[in-house]
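What follows is the residue order along each chain.
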Amino acid sequence: MQLGTEEIKIAQTIIAVALAFLSIALVMILFFYFSRKKIVQKEIEKRELEVNHQKELLHSVLVTQEAERKRIAQDLHDDISSKLNVVALHTHLLSTPDITDLERTEIMQQISDLTGKALENSRRIAHDLLPPVFERFGLHAGIEELVLEFNSSKTMQVTYTNSVKFDEAKNDKLLHVFRILQELLNNSLRHGKATQVQITMAQYNDQIQLQYTDNGIGFEVHDSLKHRGLGLKNIESRVGILNGTFQVASQPNHGVNYIFLFTKL
C-alpha cells in the first residue's frame with residue numbers, strides 16, 4: 001500500500017519537526033553541559049584561590065611565630081644570659097684572696113644592679129608573651145594598659161572607648177583581638193607616623209564592632225591588599241580564626257580606618 005502525496009508531506013513534516021526538536025535538545029544539552037563545566041571550572045579556581053590564600057595566611061602565622069621566637073631568643077641571650085654571665089664572673093671574684101672591702105662592696109653593688117636589670121628584662125619578655133593584666137582581668141583591662149603604654153611615650157595620643165562586656169572565659173579567643181590592636185598600634189607608630197589614634201568597641205545585636213582610626217600618612221588600599229605585608233597577613237589570619245570580617249579604608253596623607261566585625265566572641 002503506497003502512501004499518498006499528502007501523507008508523505010505530513011510524515012516529512014513530522015520528521016522535520018522531530019529533528020528540529022532533537023537539534024534544539026542537543027544544543028540545549030551541549031549549552032548546559034559547557035555552561036556547567038565553565039561554572040564548575042570557575043568554582044574550582046575560586047576554591048584554589050581560597051586554599052592558596054589560606055596557605056599564605058598560615059605561612060604568615062608561622063613566619064610571625066618564628067620571628068617572635070627569634071626575637072625572644074635574642075632578648076634572652078643579649079639581655080639576660082649576658083648579664084647573668086657577668087653576675088657569675090663577679091660572684092667568682094668575691095672568692096678571690098686579698099680582695100679589699102671597697103672592691104667587695106663595688107662588686108656586690110654591680111651584682112645587685114645586673115640582677116635587677118635581668119629581672120626587669122625577664123618581666124618585659126614575659127609581658128610581651130602574655131600581658132599579666134590581660135590574663136587576670138581580661139581584654140578591656142589589657143587594652144587599657146596597652147593604650148597607657150603608647151600614651152606614655154608622648155609620641156602618639158591614643159583614645160579608647162568600649163561599651164562591650166567580654167567573657168573572660170574566652171580569653172584564648174580575645175587574645176587575638178588584643179594582638180590585632182598591638183599590630184595596628186605598632187604600625188601607626190612606626191610606619192604610619194600617626195600622632196592620634198581612636199579605638200572604639202561597641203556591640204550591635206549579636207555583632208561586636210571594633211573600629212580603629214589614625215591620622216597617619218595612610219596608603220593605597222589596593223596596593224596594600226595586593227601586596228600584603230606580614231603584619232596585614234597576621235591581622236587577616238587572626239580575624240579568620242575568629243570567623244570575623246574587616247574592611248580598611250585609607251588614602252595617602254589621610255590616615256587609615258579599619259572596621260572589624262565579630263559575631264562569636
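What you are looking at is a predicted structure, and each value in this text was computed from that prediction instead of being measured. (Residues numbered from 1 in each chain as written. Predicted model: local features only at pLDDT ≥ 70, side-chain atom pairs only at ≥ 80, totals over all residues. Heavy atoms only, no water.)

Asker: Mind showing me how you'd approach the overall build of the chain here?
Answerer: Along its length, the chain carries seven helices and five strands. Put simply, the chain runs from its N terminus to its C terminus through helices and strands in the order α-α-α-α-β-α-β-β-α-α-β-β. Long-range pairs, those at least 24 residues apart, make up 68% of the contacts in the chain with a sequence separation of at least 6. As displayed, the chain offers around 17,900 Å² of accessible surface, 59% of which is attributable to carbon and sulfur atoms. (Helix = DSSP H or I, 4+ residues; strand = E, 2+ residues; numbered from the N terminus. Contact = heavy atoms within 4.5 Å. Areas by Shrake-Rupley, 256 points an atom, 1.4 Å probe, with all protein chains shown as cover.)

Asker: I'm lost on the packing of aromatic side chains in this one. Help?
Answerer: Aromatic ring pairs are defined here through the distance separating the ring centres and the angle between the ring planes. On inspection of all chains with the given rule, the structure shows six aromatic pairs. With a centroid separation of 5.6 Å and an interplanar angle of 70°, the aromatic rings of F31 and F32 are classed as edge-to-face. (Phe/Tyr/Trp six-rings, centres within 6.5 Å; stacked < 30°, edge-to-face > 60°.)

Asker: Help me understand helix α4 (residues 139-152), please; the structure alone is not making it clear to me.
Answerer: An α-helical segment advances 3.6 residues per turn. Residues three or four places apart therefore align on the same side. For α4, which comprises 14 residues, the first-to-last C-alpha distance of 20 Å matches the rise-based estimate of 20 Å (1.5 Å per residue) to within 8%. Turning to α4, its buried residues number three or more, namely L139, A141, G142, I143, L146, V147, F150 and N151. Looking at the buried side of α4, the elements it contacts are α3 (132-137), β1 (157-162), α5 (171-190) and β2 (196-204). Just beyond α4, the residue with positive phi is K154, at close to 65°. (Expected span 1.5 Å × (residues − 1). Buried < 20%, exposed > 50% of the residue type's maximum accessible area, 1.4 Å probe, protein only.)

Asker: Got a minute to help me understand the pairing of strand β3 (residues 207-214) in this structure?
Answerer: Side chains on a regular strand alternate between the two faces of the sheet. With eight bridges joining them, β2 and β3 adopt antiparallel strand pairing. When the sheet's bridge partners are listed, A202 is paired in β3 with Q209. Taking the residues that link successive antiparallel strands as the turn, the β2-β3 hairpin has two residues, and the phi of N205 there is positive, at about 55°. Where β3 meets strand β5 (residues 256-262), seven bridges bridge the pair, whose relative direction is antiparallel. Paired with T213 across the two strands is N257, which belongs to β5. (Pairing = 2+ DSSP bridges.)

Asker: Can you walk me through the sheet that holds β3 in this structure?
Answerer: The strands making up a sheet associate through backbone hydrogen bonding, with each pair oriented either parallel or antiparallel. Ordered by their spatial adjacency, five strands build an open sheet running β1-β2-β3-β5-β4, and the pairing between neighbours is mixed. In this open sheet, the two strands that pair with only one neighbour each are β1 and β4 (245-250). Neighbouring strand axes in the sheet, compared pairwise and without regard to direction, differ in orientation by 10° on average. Strand contacts of α4: β1 and β2, with the helix running at about 165° to β1, the strand carrying the most contacts. (Axes fitted to C-alpha atoms, helices over the stretch in contact; angles between N-to-C directions.)

Asker: Teacher, can you tell me more about unusual backbone geometry here?
Answerer: Backbone geometry follows two general trends: most residues other than glycine have a negative phi, and most peptide bonds adopt the trans configuration. Residues other than glycine seldom take positive phi values, yet K193 does so here, at roughly 55°. For K193, the location among the structural elements is in the loop between α5 and β2. At N243, a position not held by glycine, the phi torsion is positive, near 55°.

Asker: Is there a simple way to think about the environment of T159 in this case?
Answerer: Looking at the element boundaries, T159 is found in strand β1. Considering only alpha carbons, one finds T159 and V197, 38 residues apart in sequence, at a separation of 6.2 Å.

Asker: What am I meant to see in the side chain of H90 here?
Answerer: Mapped onto the elements, H90 comes out in helix α1 (residues 5-94). For H90, a relative accessible area of 13% puts it in the buried group. At a separation of 2.6 Å, a polar atom in the side chain of H90 contacts the side chain of Q110. Apart from the residues within four sequence positions on either side, H90 is in contact with I107, Q110, I111 and L114. (Polar contact = N/O pair within 3.5 Å; in protein donor to acceptor, adjacent residues only side chain to side chain.)

Asker: In this structure, what is going on with the environment of Q203? I would like to understand it.
Answerer: Within the element layout of this structure, Q203 appears in strand β2. Dropping the residues within four chain positions of it, Q203 is found in contact with S163, V164 and I208. Among the polar contacts listed, one links the side chain of Q203 to the backbone oxygen of N205, at a separation of 3.3 Å.

Asker: Can you help me understand the nonpolar core in this one?
Answerer: Among soluble globular proteins, nonpolar side chains are generally buried collectively. Grouped together as the largest cluster of nonpolar side chains are 36 residues, with contacts concentrated most on L185, I199, M201 and F260. Where this core is concerned, the elements lending two or more residues are α4, β1, α5, β2, β3, α7 (230-241) and β5. Broken down by element, the residue count for this core peaks at seven residues, all from α5. Beyond its immediate stretch of four places on either side in the chain, I199 contacts V147, V158, T159, Y160, T161, L181, L185, L210, Q211 and Y212. Core analysis: the second largest hydrophobic core is formed by six residues, L94, I99, I111 and L114 among them. (Core = buried A, V, L, I, M, F, W, Y, C linked by side-chain atoms within 4.5 Å.)

Asker: Whenever I open this one, a nonpolar patch on the surface confuses me. Can you help?
Answerer: Together, I24, M28, F31 and F32 line one region of the surface with nonpolar side chains, adding up to about 430 Å² of accessible area. For F32, the position within the fold is in helix α1. (Patch = residues over 30% accessible without salt bridge, like charges linked within 9 Å, V, L, I, M, F, W, Y side chains within 5 Å. Salt bridge = Lys/Arg side-chain N within 4 Å of Asp/Glu carboxyl O.)

From the geometry alone we can't say anything about function, so treat these as descriptive.
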